[in-house]
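Remarks on the overall topology
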Amino acid sequence: MVDLLVIGGLGVDVRVRVPALPLPAADSLTVDPVELRIGNTGAGVALAAHALGLRVALVDVLGADPAGDVVRAALARTGVRPVLVTDPAGTRRSVSLVDPSGARMSLYDPRPWQGPPPLCASDLAALVREAAHVHLSIMDWTLGLLPTLRDGLADGARVSTDLHDWDGHNPYHRPFAAVADLVLVSGVRLGPAAAAVAAGLAPRDVVVTRGADGAELHPAGGAPVRVPAAVPAAPVVDTNGAGDAFAAGLIAARLRGAALTDAAAYAARVAAAACTHDGMEYPPGLLPTA
């Protein structure tokens, strides 16, 4: 058994520190060393959950290319168990522009999956049966497998997903929410429509994240609850992956029996600590485990 199975969301992140966002108008800018490292949402959740003490497995497609080698090497430095299928299109990539305050803008190259699913339903079900919790990234290759995902769950296991910057209307995101018990979604694009979108996802628990402005819980059958952001214990250097760390903290706390409101408060502390570290490979002791 594993505590957490993360499905999808592996890639590399090309991190570029820039003087300001949006970028100043110029033909060229001199920047700090540009780094290539493990990134994307599934990696962020898996690495943070591992740093929090969970037993983690991760299944995804990955290119047989130098970018994929970066991901494999990073996973090998952890106890995360990878289940990888070679993607002929290559490894997903993001360029993260990070300003001096730690704020970032991400440019995402998804390398869309082509052809039939890389795993058959029975293989995915076997992985799902081993997990106390399944976190589903919104990867295209998983869409054909979603109808059978819940059938493979062990007794008491739950499913979460992060819809990221969903606008509340794009139909692509709805199948992921449909199989989940817990849905995270960014409030940046939703704005004041977030409460209506959360109500439309009932009876699921919904968490609307708002970065430095905290989060809002919309529990199934309950009134919304405001969750303030935690204050980082050190200067913010990189907010990339903070939302994934929040998701990992929420999952870890719920697996340990915490109520949703308490789990979200803990998750805010985890996200705040993640912002004080450059990258998603968290050193021991950085993320709060209680």
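As the structure is a prediction and not an experimental result, all values here were calculated from the model. (Residues numbered from 1 in each chain as written. Predicted model: local features only at pLDDT ≥ 70, side-chain atom pairs only at ≥ 80, totals over all residues. Heavy atoms only, no water.)

Regarding the overall build of the protein chain
Counting its regular elements, the protein chain contains 9 helices and 13 strands. For 290 residues, the compact-globule estimate of 2.2 N^0.38 gives 19 Å, and the protein chain sits close to it at 18 Å. Oriented by its inertia axes, the alpha-carbon framework of the protein chain measures out at about 55 × 45 × 40 Å. The buried share of the protein chain, taken over its 290 residues, is 51%. Taking as baseline every contact in the protein chain between residues at least 6 positions apart, the subset at least 24 positions apart corresponds to 65%. (Helix = DSSP H or I, 4+ residues; strand = E, 2+ residues; numbered from the N terminus. Rg over C-alpha atoms; globule rule 2.2 N^0.38 Å. Buried < 20%, exposed > 50% of the residue type's maximum accessible area, 1.4 Å probe, protein only. Contact = heavy atoms within 4.5 Å.)

Let's talk about the sheet that holds strand S7 (residues 104-109)
Pairing is mixed across the open sheet formed by 4 strands, whose spatial order is S3-S2-S6-S7. The open sheet is flanked by strand S3 (35-39) and S7, the only strands paired with a single partner. Between one strand and the next, the sheet's axes are offset by a mean angle of 25°, whatever the strand orientation. Both strand S2 (residues 11-17) and S3 contribute to a ladder of 5 bridges, which runs antiparallel. Within S3, the residue paired with Val-14 across the bridge is Leu-36. (Pairing = 2+ DSSP bridges. Axes fitted to C-alpha atoms, helices over the stretch in contact; angles between N-to-C directions.)

Concerning the pattern of salt bridges
Under the definition given, this model contains 18 salt bridges. Arg-37 is the partner of Glu-35 in a salt bridge, and the nearest nitrogen-oxygen pair spans 3.2 Å. Take Arg-37: its relative accessible area is 12%, and that puts it in the buried class. Glu-130 is the partner of Arg-81 in a salt bridge, and the nearest nitrogen-oxygen pair spans 2.9 Å. (Salt bridge = Lys/Arg side-chain N within 4 Å of Asp/Glu carboxyl O.)

Overview of the UniProt feature "domain: Carbohydrate kinase PfkB" (unreviewed entry) in the protein chain
Per the UniProt entry, the sites bearing "domain: Carbohydrate kinase PfkB" (unreviewed entry) are residues 4-109 and 192-280 in this numbering. The span residues 4-109 is 21% helix and 39% strand, and its two end C-alpha atoms sit 26 Å from each other. Summarising residues 192-280: 40% helix, 13% strand, and an end-to-end C-alpha distance of 31 Å. (UniProt positions renumbered as here; feature names shortened; annotations may be inferred.)

What about a nonpolar patch on the surface?
On the surface, a nonpolar cluster with roughly 300 Å² of combined accessible area is contributed by Leu-23, Leu-29, Val-31 and Val-34. With respect to the secondary-structure elements, Leu-23 resides in the loop between S2 and S3. (Patch = residues over 30% accessible without salt bridge, like charges linked within 9 Å, V, L, I, M, F, W, Y side chains within 5 Å. Areas by Shrake-Rupley, 256 points an atom, 1.4 Å probe, with all protein chains shown as cover.)

Details of the pairing of S2
Across the 7 residues of S2, 6 count as buried, placing the element largely inside the fold. The pairing of S2 with strand S6 (residues 93-98) spans 6 bridges and is classified as parallel. Along S6, the bridge assignment pairs Arg-17 with Val-98.

Comments concerning the environment of Ala-194
As for its placement among the helices and strands, Ala-194 is situated in helix H7 (residues 194-200). Each C-alpha atom, one on Ala-194 and one on His-218, is 9.9 Å from the other, the two residues being 24 residues apart in sequence. If we skip the residues at most four places from it in the chain, Ala-194 touches Val-208, Arg-210 and Glu-216.

A word on helix H8 (residues 242-255)
Turn by turn, an α-helix covers 3.6 residues, leaving residues three or four places apart pointing in a common direction. Helix length check: H8, at 14 residues, gives a terminal C-alpha distance of 20 Å against a target of 20 Å (1.5 Å per residue), a fit within 8%. Counting buried positions over the 14 residues of H8 gives 11, a clear majority of the element. Buried within H8 we find Ala-242, Asp-244, Ala-245, Phe-246, Ala-247, Ala-248, Gly-249, Leu-250, Ile-251, Ala-252 and Ala-253. Where H8 ends, the next residue or the one after it, Gly-257, has phi of about 95°, a positive value. (Expected span 1.5 Å × (residues − 1).)

Overview of the sheet that holds strand S13 (residues 225-227)
Read from one edge of the open sheet, 9 strands run S5-S4-S1-S8-S9-S10-S11-S12-S13, paired in mixed fashion. At either margin of the open sheet sits one strand with a lone partner, and together these are strand S5 (81-86) and S13. When the angles between neighbouring strand axes are averaged without regard to direction, this sheet yields 20°. Of the strand pairs in this sheet, strand S8 (residues 131-136) and strand S9 (residues 158-162) are connected by 4 bridges, and their pairing is parallel. Residue pairing in the sheet places His-135 in a bridge with Ser-160 of S9. Across the sheet, helix H1 (residues 41-51) is in contact with strand S1 (2-7), strand S4 (56-62) and S8; its angle to S4 comes to roughly 160°.

Quick word on the packing of H1 against H8
Contact geometry for H1 and H8: axes closest at 8 Å, N-to-C directions at 45°. By the angle between their axes, H1 is oblique relative to H8. Handedness of the crossing formed by H1 with H8: right-handed. Across the interface between the two elements, Thr-41, Gly-44, Val-45, Ala-48 and Ala-49 from H1 touch Asp-244, Ala-245, Ala-247, Ala-248 and Ile-251 from H8. Taken together, the residues of the contact of H1 with H8 sort by class into 7 nonpolar, 2 polar and 1 charged. (Parallel < 35°, antiparallel > 145°, perpendicular 65-115°, else oblique. Left-handed = near helix turned anticlockwise from the far one by under 90°. Nonpolar A, V, L, I, M, F, W, Y, C, P; charged D, E, K, R; others polar.)

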